[in-house]
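Structural overview for review
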Amino acid sequence: MRFLVSSGITLLAAVSLSAEKKVVSPTTSASNDQIDVVATISLTEEEIAQKIGADPGKGVALLDVRVTPKTDKPVQISPDDFILLAYDDGERSKPFDPAELAGQGALVVKASPNGTVSKTSGFGGLGPIGMGSGPGVKKSDTLSSKMDTNKEGSNKLLEQLKAKQLPQKETADPVEGYLYFPLDGKHKLRNLAVLYRGDGGKLKLVFQH
């Protein structure tokens with residue numbers, strides 16, 4: 001009897017420990033009748049630098065995306081089809097163009113009190129871009145970024161970013177590449193989601209256990 005009780009306690013402890021050690025997967029996916037999307041996110045500067053082959057600096061999240069059309073009809077694919085959403089503080093951002101990360105220096109990303117995302121690049125800059133709002137998104141917590149003119153641009157970084165970026169094209173074949181998002185502060189994976197809003201419809205990719 002004591003053995004059974006002891007075994008039961010041990011089993012419960014093992015189950016509890018296993019539950020505590022559950023890790024949210026950095027890979028997520030979603031699909032509909034037109035496309036299948038699989039995405040893996042990287043949040044640490046070291047991992048991102050290793051994947052790119054050069055260091056883009058802080059305040060960047062990298063998303064490795066694979067889009068697979070499910071019919072013979074070509075689908076228009078673009079980096080701008082994707083949005084990174086942070087539920088914990090309402091950050092909502094579209095990916096940077098490679099030139100914005102490496103045109104004339106590293107980007108400094110900061111929270112903005114208004115409802116726009118303003119990006120400044122080394123090629124004349126871009127005006128404010130309205131990002132809108134959605135469930136769990138605070139309009140007051142969007143992202144803005146500016147170039148750090150104290151750092152010289154890296155041609156190697158620019159080349160790597162361009163070569164590995166998700167291409168913009170119309171295709172019926174699988175397409176894969178990187179997306180570079182501004183992400184301010186630290187975030188847990190379970191508080192992040194990727195929204196797809198493109199030619200293939202609308203999808204929401206969440207990170208789960």
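Details of the structure are given in the entry above.
The notes below deal with the structure included here.

Cut-offs and rules
Residues numbered from 1 in each chain as written. Predicted model: local features only at pLDDT ≥ 70, side-chain atom pairs only at ≥ 80, totals over all residues. Heavy atoms only, no water. Helix = DSSP H or I, 4+ residues; strand = E, 2+ residues; numbered from the N terminus. Buried < 20%, exposed > 50% of the residue type's maximum accessible area, 1.4 Å probe, protein only. Polar contact = N/O pair within 3.5 Å; in protein donor to acceptor, adjacent residues only side chain to side chain. Contact = heavy atoms within 4.5 Å. Phe/Tyr/Trp six-rings, centres within 6.5 Å; stacked < 30°, edge-to-face > 60°. Pairing = 2+ DSSP bridges.

Notes on the side chain of T171
One can find T171 in strand β11 (residues 169-171). Residue class for T171 comes out buried when judged on its relative accessible area of 9%. Within the structure, the side chain of T171 is placed 2.9 Å from the backbone nitrogen of D173, a separation counted as a polar contact. In contact with T171, not counting residues within four places along its chain, are P69, P74, V75 and I77.

What to know about the packing of aromatic side chains
One pass over the structure, following the stated rule, counts one aromatic pair. Aromatic pair F82 and Y196: ring centres 5.3 Å apart, planes at 55°, arrangement tilted. Here the residue F82 occupies a position in strand β5 (residues 82-86), and Y196 occupies one in strand β13 (residues 192-198), the gap between them amounting to 114 residues. Overall, the relative accessible area of 0% leaves F82 in the buried class. Its relative accessible area of 0% is what places Y196 among the buried residues.

Regarding the pairing of strand β2 (residues 35-42)
By the bridge criterion, five bridges tie strand β1 (residues 27-31) to β2 in an arrangement that is antiparallel. In the sheet register, S31 faces β2, and the bridge partner there is D36. Connecting β1 to the next strand, β2, in antiparallel fashion are three residues. Across eight bridges, the pairing between β2 and strand β3 (residues 60-69) is antiparallel.

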